[in-house]
Amino acid sequence: MSMTITEKILADHAGLPEVVPGQLITAKLDLVLANDVTGPIAIREFTKFGVDKVFDAGKVALVPDHFTPNKDIASAEQAKLMREFAREQQIEHYWEIGRVGIEHCLLPEQGVTLPGDMIIGADSHTCTYGALGAFATGVGSTDCAAGLATGEGWFKVPESMKFVFHGTKFQPWVSGKDLILYIIGKIGVDGARYRAMEFAGEGISALSQDGRFTMCNMAIEAGGKNGIIAADEKTEAYLKGRAHRPYKVFASDPDARYAEIMEFEVSEIPLQVALPHLPENTESVEEAAGIKLDQVVIGSCTNGRIEDLRVAAGILRGRKIHPEVRLLIFPGTQEIYRQAMHEGLLDIFLEAGAAVSTPTCGPCLGGHMGILAKGERALATTNRNFVGRMGHPESEVYLSGPAVAAASAVRGEISHPREVVGNG
Amino acid sequence: MGKAWKFGHDIDTDVIIPARYLNRSEPEYLAAHCMEDADAGFAPGVKSGDVIVGGKNFGCGSSREHAPLAIKASGVKAVVAESFARIFYRNALNIGLPILECPEAAAGIEAGDEVEVEPASGKITNVTRKTSFQAMPFPVFMQELMAAGGLVPYVRGRLKNA
Ligand code: SF4
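Fair warning: this is a prediction, and the values are worked out from it, not measured in the lab. (Residues numbered from 1 in each chain as written. Chains lettered and ligands numbered in written order. Predicted model: local features only at pLDDT ≥ 70, side-chain atom pairs only at ≥ 80, totals over all residues. Heavy atoms only, no water.)

Student: Please give an account of the site of the ligand that cites residues and values.
Tutor: Residue and element names in this part refer to chain A. For the ligand, the set of nearby residues contains 13 residues, the closest of which are His125, Cys301, Cys361, Cys364 and Asn383. More than half of the atoms of the ligand fall within 2 Å of the grid points belonging to the largest cavity. Those elements giving two or more residues to the shell around the ligand turn out to be α4 (103–109) and α11 (300–303). Among the residues making up the shell around the ligand, the classes are represented as five nonpolar, five polar and three charged. (Near = heavy atom within 4 Å. 1 Å grid on protein atoms, 1.4 Å probe; cavity = no way out; pocket = protein on both sides within 12 Å on 5 of 7 lines; lining within 4 Å. Sits in = over half its atoms within 2 Å of the grid points. Helix = DSSP H or I, 4+ residues; strand = E, 2+ residues; numbered from the N terminus. Nonpolar A, V, L, I, M, F, W, Y, C, P; charged D, E, K, R; others polar.)

Student: Explain the state of the cysteines residue by residue, including any values.
Tutor: Tallied over the full model, the rule gives zero disulfides over all chains. The closest cysteine sulfur to the non-disulfide-bonded Cys144 of chain A is located on Cys127 of chain A, 16 Å from its own sulfur. The thiol of Cys102 of chain B is unpaired, and the distance to the nearest cysteine sulfur, on Cys60 of chain B, comes to 20 Å. Overall, the relative accessible area of 1% leaves Cys102 of chain B in the buried class. (Disulfide = S-S within 2.5 Å. Buried < 20%, exposed > 50% of the residue type's maximum accessible area, 1.4 Å probe, protein only.)

Student: I'd love a proper account of the packing of aromatic side chains, names of residues and values included.
Tutor: Summed over the entire model, instances satisfying the criterion amount to 14 aromatic pairs over all chains. Here Trp5 of chain B and Phe42 of chain B contribute two aromatic rings whose centre-to-centre distance is 5.0 Å and whose plane-to-plane angle is 80 degrees, an arrangement assigned as edge-to-face. In this pair, Trp5 of chain B sits in strand β1 (residues 2–6) while Phe42 of chain B sits in helix α3 (residues 42–45), placing the two residues 37 residues apart along the sequence. The class of Trp5 of chain B is buried, set by a relative accessible area of 10%. For Phe42 of chain B, a relative accessible area of 0% corresponds to the buried category. Aromatic side chains Phe84 of chain B and Phe88 of chain B sit 6.2 Å apart centroid to centroid with 5 degrees between the ring planes, which places their arrangement in the stacked category. We note that Phe84 of chain B, like Phe88 of chain B, is buried. Three or more aromatic residues joined by ring pairs form one cluster here, namely Tyr194 of chain A together with Phe58, Phe84, Phe88 and Tyr89 of chain B. One residue, Arg242 of chain A, lies across the ring of Tyr238 of chain A, its end atom 4.4 Å from the ring centre. Taking the ring centre of Tyr29 of chain B as reference, the NZ or CZ of Arg24 of chain B above it sits at 3.9 Å. (Phe/Tyr/Trp six-rings, centres within 6.5 Å; stacked < 30°, edge-to-face > 60°. Lys NZ or Arg CZ within 6 Å of the ring centre and 35° of its normal.)

Student: Explain the layout of surface pockets residue by residue, including any values.
Tutor: The volume enclosed by the largest pocket comes to roughly 370 Å³. Together, 17 residues line the largest pocket, and Lys156 and Tyr194 of chain A together with Tyr89, Pro139 and Met142 of chain B are the ones closest to its centre. Elements with a minimum of two residues in the lining of the largest pocket: β7 (152–156) of chain A together with α5 (86–95) and β4 (99–101) of chain B. Split by residue class, the lining of the largest pocket holds 11 nonpolar, no polar and six charged. Looking at the second largest pocket, its volume works out to about 310 Å³. Considering the residues around the second largest pocket, the lining is formed by 20 residues, among which Thr26, Glu152, Gly153 and Trp154 of chain A together with Arg158 of chain B are closest to the centre. Residue assignment for the lining of the second largest pocket shows that the elements contributing at least two residues are β1 (24–28), α5 (141–150) and β7 of chain A together with α8 (151–161) of chain B. (Points joined across faces, edges and corners; volume = space filled by probe spheres on them.)

Student: Break down the environment of Ser121 of chain B for me, citing the residues and quoting the values.
Tutor: Residue and element names in this part refer to chain B. Looking at where Ser121 falls in the secondary structure, it is placed in the loop between β5 (114–118) and β6 (123–126). The partly exposed category is assigned to Ser121, whose relative accessible area is 39%. A distance of 3.3 Å separates a polar side-chain atom of Ser121 from the backbone nitrogen of Lys123. (Polar contact = N/O pair within 3.5 Å; in protein donor to acceptor, adjacent residues only side chain to side chain.)

Student: Tell me about the packing of helix α2 (residues 39–46) of chain A against α5 of chain A, and name the residues and values.
Tutor: All names here are of chain A. The N-to-C vectors of α2 and α5 enclose an angle of 55 degrees; their axes lie 8 Å apart at closest approach. Relative to α5, the element α2 is oriented oblique. Judged by the sense of rotation from one axis to the other, the crossing of α2 with α5 is right-handed. Here Ile41, Ala42, Glu45 and Phe46 of α2 come into contact with α5, specifically with Ser141, Thr142, Cys144, Ala145, Leu148 and Ala149. For the contact of α2 with α5, the class distribution of residues is seven nonpolar, two polar and one charged. (Axes fitted to C-alpha atoms, helices over the stretch in contact; angles between N-to-C directions. Parallel < 35°, antiparallel > 145°, perpendicular 65-115°, else oblique. Left-handed = near helix turned anticlockwise from the far one by under 90°. Contact = heavy atoms within 4.5 Å.)

Student: Would you mind going over the UniProt feature "binding site: [4Fe-4S] cluster" (unreviewed entry) in chain A in detail, with residue names and values included?
Tutor: Residue and element names in this part refer to chain A. The feature "binding site: [4Fe-4S] cluster" (unreviewed entry), as given by UniProt, occupies Cys301, Cys361 and Cys364 in the numbering adopted here. For the residues just named, distributed over 64 residues, the greatest C-alpha separation is only 9.1 Å, placing them together at one site. Checked against the lining of the largest cavity, the annotated residues just named reduce to Cys301, Cys361 and Cys364. Mapping Cys301 onto the fold places it in helix α11. With relative accessibility at 7%, the residue Cys301 sits in the buried group. Every residue in contact with Cys301, bar those within four places of it in the chain, is listed here: Ile102, His104, Cys105, His125, Asn217 and Asn383. (UniProt positions renumbered as here; feature names shortened; annotations may be inferred.)

Student: So what about the sheet that holds β4 of chain B? Which residues, and what values?
Tutor: Two pairing modes exist for strands in a sheet, parallel and antiparallel, and in both the strands are linked by backbone hydrogen bonds. Residues and elements named next belong to chain B. Taken in spatial order, the seven strands line up as β4-β3-β2-β1-β5-β6-β7 in an open sheet, and their pairing is mixed. Two strands close off the open sheet at either side, each with one partner strand: β4 and β7 (131–134). When strand polarity is set aside, the average angle formed by the axes of neighbouring strands in this sheet is 30 degrees. Pairing between β1 and strand β2 (residues 51–54): three bridges, direction parallel. Counterpart to Ala4 in the pairing with β2 is Val51. (Pairing = 2+ DSSP bridges.)

Student: Talk me through the side chain of Ser415 of chain A; I want residue IDs and the actual numbers.
Tutor: Residues and elements named next belong to chain A. Secondary-structure assignment places Ser415 in the loop between α15 (402–411) and α16 (418–421). At 2.7 Å, the side chain of Ser415 forms a polar contact with the backbone oxygen of Glu413. Contact partners of Ser415, with chain neighbours within four places excluded, come to Val285, Val404, Ala407 and Ser408.

Student: Can you lay out the interface of chain B and chain A for me, pointing to particular residues and giving the numbers?
Tutor: At the junction of the two partners, chain B supplies 40 residues and chain A supplies 47 residues. Between chain B and chain A, the buried area comes to about 3,700 Å², and carbon and sulfur atoms account for 57% of it. On the chain B side of the contact with chain A, Asn23, Arg86 and Arg90 of chain B bury the most area, a combined 20% of that side's loss. Summed over the shared surface of chain B and chain A, the number is four salt bridges. Across the salt bridge formed by Asp190 of chain A and Lys56 of chain B, the nearest N and O atoms sit 3.7 Å from each other. (Buried area = accessible area lost by both parts, 1.4 Å probe. Salt bridge = Lys/Arg side-chain N within 4 Å of Asp/Glu carboxyl O.)

Student: Run through the pairing of β5 of chain B, naming residues and quoting values.
Tutor: Residues and elements named next belong to chain B. Because side chains alternate across β5, one face comprises the buried residues Val115 and Val117, and the other comprises Glu114, Glu116 and Glu118, none of which is buried. As defined by bridge partners, β1 adjoins β5 across two bridges and the pair is classed as antiparallel. Looking across to β5, one finds that Gly2 is bridged to Val115. Where β5 hands over to β6, the hairpin turn is made up of four residues, of which Gly122 adopts a positive phi near 80 degrees.

Okay, structure coming up:
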């Protein structure tokens, strides 16, 4: 029977010749991950299963990225609990501050997540790894704990939705972030609830690997169970030197069945901005232009990769940030940080008047390092703009890609990059 | 029987328990800040046995289990909504917080109504307005999981028999 890429990976890990949407399966896991917020609860639950050891210390990733470097005593205690568990269990994929990065940038970069993998993570943006052609989905701490104990998880096979992007003529500065915001604007924050979101077409092939991570990262913002893009030459090129174990490449059958297929012409998609307080409140940057800002944040597991920093630097080069705006830049990992340094991007940021941080989730979740006061307004390249997401419940977060963010930091208000650099 | 606390659509996990409190994970601590950014009167006012009524996509956003833990520890007996976000749905059942999907009840219950919920049968009664509703039944697997008392005892049982 013909299947989608998601169905194939699920069937493969359930040891079944085929699966159909709605079917409940138990599947073997290639990776179980947690962070310093969800990990402590998962570890607490893990101890209740009556087993001493995790199912496979090489298939677990524990990433202290949310409140690290620890912002206070309570978060230090949580990080310590996870660190001690990692040592005691001899968890292979654990990184200390100075080596750690934001989980969804770090794990693909380190070759921990590979095509064809079945991954659960106690973090909703675990869906990011779908950009490598893996099945990856976010779960809670208790599901994560069960995964740690058994190496298996139960799943309901989701229906798939296919989003086909025709053409390769992107408008200037349009990136993966704009495509995914555009989709969420069309279908809403529950438009893909319980479903797999498969991205395909020439437009996706033309997108860089970094741009694909950004798209799959935000599948959860449409309620999706996973986002997925079949691995191609670009994926293979990205994995070169990173992958240290064999992997399987899956692709949807041409006659696979979808609950819905939506088609778009990439040339018709303008730069996007999502207004408070839901990622579905999208507008073109022209419509949102002129909104005054107090803070701009470039980074996170959505847009903290090298390509994002290059785009931002391209706009900031030789320019100064608006005197009334704070620009905070969070590279996703140490490797990205160092690469940015080698390429001279950090110099550009510092010259422009930005603060560049060590990799951390920081303000993305209103954790630390850039919290908003009452009434303040930020534009961020992050993925959520819920009430209070970056600080005070009466603050506001707007979402965009890195080009709009950098241009807006220069102008002090939401701006199209052409307002800063001409028709680039 | 308890009082209904009513919320709108797309109530996200950041509103249920803001990230600024996620540097700790004790359920009582989380409960003290539950729903703070949506209704500051919730945490101080909620009583054991009360019910949360939400619109569509309740619990969207992050995977933080702190969200259902906070609701459960605040004494809420059940969450009734038009629909739930996937991870929240799973988390709530895993930790033993009854949640019922019932668009009619979500529409037919107002803030402050006295409500009676029977999670096992899915029967929801609005005592104040003398109406009753039937929630969608749980899938069989979920029923087994709930009968076992949540995911931990369910998996522990399976590990023992393996
Ligand atoms: S960067 Fe933001 S969205 Fe990504 S894992 Fe960290 S807190 Fe979550």
